[in-house]
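Tertiary structure, described
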Amino acid sequence: MNRLSAPWLMLGASFLFASMGVCVKLASAHYSTGEIVFYRGMVGLIFIWCLTRWRGGELRTPVPAMHLWRSISGVAALSLWFYAIGTLPLPTAITLNYMSSIWMALFLIGGAIMLGAAKVDGRLVLTVLVGFAGVALVLQPTLEPQQFKGALAGLFSGMLSALAYLQVTALGRAGEPEYRVVFYFSLGSLSVGLVLALAGGLHAHTWAGAGLLLATGLLATTAQILMTRAYAIGRTLSNASLQYMGIAFSFVYGALLFDDKINALSLIGVVLIVAAGIAATLLRQQASPHAKDCAKDSTLEA
């Protein structure tokens with residue numbers, strides 16, 4: 001992995017995240033959202049614990065409250081995203097979750113207004129409008145009446161992901177290493193997922209189902225490692241742009257495996273969302289000296 005350049009690492013991470021989405025969609029036919037979140041957290045927790053022990057890291061944290069709030073928002077976003085994947089066409093669910101950059105731009109605008117800033121960057125407003133126009137085009141041709149709840153879940157998953165990224169920024173400034181943040185996020189996923197799974201009832205395992213759950217956890221955790229490495233050695237804006245390749249991979253998966261319908265309007269919508277997300281990342285980079293930290297937060301996605 002150390003010999004791979006940042007662009008290849010980002011492409012690999014985006015592909016693995018899209019592949020994880022396929023496993024989640026297939027697993028949703030056998031397990032509830034809570035069960036998938038639980039097993040994804042369990043696999044990630046074991047993986048990161050072993051990696052930390054091997055590298056001689058320390059998991060004890062001086063800021064447990066910050067990890068708690070990050071886990072609450074992150075696990076809520078993850079649960080909503082998994083639910084959306086199970087009820088929506090895969091490209092639609094992936095696209096809605098990738099709106100996190102646009103939501104962050106919207107939060108910046110809201111924060112500037114609340115703090116009485118003299119001027120709000122009009123370009124930032126434009127990225128939000130373009131992004132939401134893209135969402136309208138993506139949902140209009142593909143959304144069925146019974147999929148309304150899934151669409152709302154996808155939208156809110158992107159919003160909560162943006163909040164989680166901001167909280168991870170604060171953790172990074174407090175000196176918390178990435179592996180520790182991922183560990184406590186996985187612990188939160190395991191805890192909340194177990195509660196949801198027990199409330200809805202546990203399903204018996206089959207070899208196929210267990211394999212999908214294991215693949216979900218391994219793909220997600222490996223993707224996190226690749227993305228973390230890419231942001232450590234590569235250019236922030238290039239990495240952020242390549243991250244949106246996950247949407248393209250999901251469209252190919254959706255068409256090949258799930259017979260998802262792809263039309264001109266939905267493709268235009270995806271292009272608008274990707275363009276708005278990249279523009280929002282660029283504007284955040286210009287506006288804040290800590291923007292690189294914000295971009296690195298996306299290494300903890302899913």
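Quantities reported herein were computed from a predicted structural model and do not represent experimental measurements.

Scanning the chain from terminus to terminus reveals 13 helices and zero strands. Listing every helix and strand of the chain by position from the N terminus yields α-α-α-α-α-α-α-α-α-α-α-α-α. In the chain, which comprises 302 residues, the share counted as buried stands at 51%. Long-range pairs, those at least 24 residues apart, make up 89% of the contacts in the chain with a sequence separation of at least 6.

This brings us to the side chain of serine 189. Of note, serine 189 is situated in helix α8 (residues 178–200). A relative accessible area of 0% places serine 189 in the buried class. Every residue in contact with serine 189, bar those within four places of it in the chain, is listed here: Val37, Phe38, Gly41, Val75 and Leu78.

The geometry of helix α2 (residues 33–55) relative to α8 is characterised by a closest axis approach of 7 Å and an angle of 150° between their N-to-C directions. As the angle between them shows, α2 and α8 are arranged roughly antiparallel. Note that α2 runs across α8; the crossing there is left-handed. Contacts between α2 and α8 involve Gly34, Glu35, Val37, Phe38, Arg40, Gly41, Met42, Gly44, Leu45, Ile48, Trp49 and Thr52 from the first element and Tyr179, Val182, Phe183, Phe185, Ser186, Leu187, Ser189, Leu190, Gly193, Leu194, Leu196 and Ala197 from the second. Classifying every residue of the contact of α2 with α8 gives 15 nonpolar, seven polar and two charged.

Residues Met20, Ile36, Trp81, Phe82, Ile85, Met99 and Ile247 are the most contacted members of the largest nonpolar core, which totals 68 residues. Looking at which element gives the most residues to this core, the answer is helix α1 (residues 6–27), with 12 residues. Residues in contact with isoleucine 36, not counting those within four places in the same chain, are Val24, Ala27, Ser28, Tyr31, Phe82 and Leu213.

The next point concerns the side chain of threonine 52. Summarising the element assignment, threonine 52 is placed in helix α2. Threonine 52 sits in the buried class, given a relative accessible area of 5%. When near neighbours in sequence (up to four residues on either side) are disregarded, threonine 52 contacts Gly57, Glu58, Leu59 and Tyr179.

Here the focus is the packing of helix α3 (residues 64–87) against helix α4 (residues 90–97). One can describe the packing of α3 onto α4 by two numbers: an axis separation of 7 Å at closest approach and a directional angle of 155°. Here α3 is positioned roughly antiparallel relative to α4, judged by the angle of their axes. Pair α3 / α4 crosses with right-handed handedness. Listed contacts from α4 to Trp81, Ala84 and Ile85 of α3 are Leu90, Ala93, Ile94 and Asn97. Looking at the contact of α3 with α4 residue by residue, the class counts come to six nonpolar, one polar and no charged.

What follows concerns the pattern of salt bridges. For the coordinates displayed, the defined rule picks out one salt bridge. Close ionic contact of arginine 180 with glutamate 176 constitutes a salt bridge, the shortest N to O distance being 2.7 Å. Here glutamate 176 falls in the buried class, since its relative accessible area comes to 8%.

A separate point is the packing of aromatic side chains. The final tally for this structure, using the stated rule, is six aromatic pairs. Here the aromatic rings of phenylalanine 38 and tyrosine 39 are separated by 4.8 Å at their centres, their planes lie at 65°, and the arrangement is edge-to-face. Considered together, phenylalanine 38 and tyrosine 39 belong to a single accessibility category, that of buried residues. One aromatic cluster is present, formed by Phe15, Phe249 and Tyr253 through successive ring pairs. Cation over ring: lysine 25 sits above phenylalanine 258, and NZ or CZ is 5.6 Å from the ring centre. A cation over a ring is seen here: arginine 70 above phenylalanine 185, with NZ or CZ 4.4 Å from the ring centre.

This part is about a nonpolar patch on the surface. Nonpolar side chains collect at one region of the surface, where Leu68, Trp69 and Ile72 lie side by side and expose about 340 Å² of accessible area between them. You can see tryptophan 69 is positioned in helix α3. According to the relative accessible area criterion, tryptophan 69 is exposed, its value standing at 54%.

Quick look at α8 now. In this model, α8 (23 residues) spans 32 Å end to end at C-alpha, consistent with the 33 Å of a helix rising 1.5 Å per residue. Looking at α8, one finds that the buried residues are Arg180, Val181, Val182, Phe183, Tyr184, Phe185, Ser186, Gly188, Ser189, Leu190, Gly193 and Ala197. Backbone geometry just downstream of α8 places glycine 201 in the positive-phi region, at approximately 95°.

Mapped onto the secondary structure, valine 135 falls in helix α6 (residues 122–142). When the C-alpha atoms of valine 135 and leucine 272 are compared, they prove to be 8.3 Å apart, with 137 residues separating the residues in sequence. Leave out the neighbours within four places in its chain, and valine 135 touches Leu96, Met99, Leu155 and Ile273.

About the thresholds
- Residues numbered from 1 in each chain as written.
- Predicted model: local features only at pLDDT ≥ 70, side-chain atom pairs only at ≥ 80, totals over all residues.
- Heavy atoms only, no water.
- Helix = DSSP H or I, 4+ residues; strand = E, 2+ residues; numbered from the N terminus.
- Buried < 20%, exposed > 50% of the residue type's maximum accessible area, 1.4 Å probe, protein only.
- Contact = heavy atoms within 4.5 Å.
- Axes fitted to C-alpha atoms, helices over the stretch in contact; angles between N-to-C directions.
- Parallel < 35°, antiparallel > 145°, perpendicular 65-115°, else oblique.
- Left-handed = near helix turned anticlockwise from the far one by under 90°.
- Nonpolar A, V, L, I, M, F, W, Y, C, P; charged D, E, K, R; others polar.
- Core = buried A, V, L, I, M, F, W, Y, C linked by side-chain atoms within 4.5 Å.
- Salt bridge = Lys/Arg side-chain N within 4 Å of Asp/Glu carboxyl O.
- Phe/Tyr/Trp six-rings, centres within 6.5 Å; stacked < 30°, edge-to-face > 60°.
- Lys NZ or Arg CZ within 6 Å of the ring centre and 35° of its normal.
- Patch = residues over 30% accessible without salt bridge, like charges linked within 9 Å, V, L, I, M, F, W, Y side chains within 5 Å.
- Areas by Shrake-Rupley, 256 points an atom, 1.4 Å probe, with all protein chains shown as cover.
- Expected span 1.5 Å × (residues − 1).

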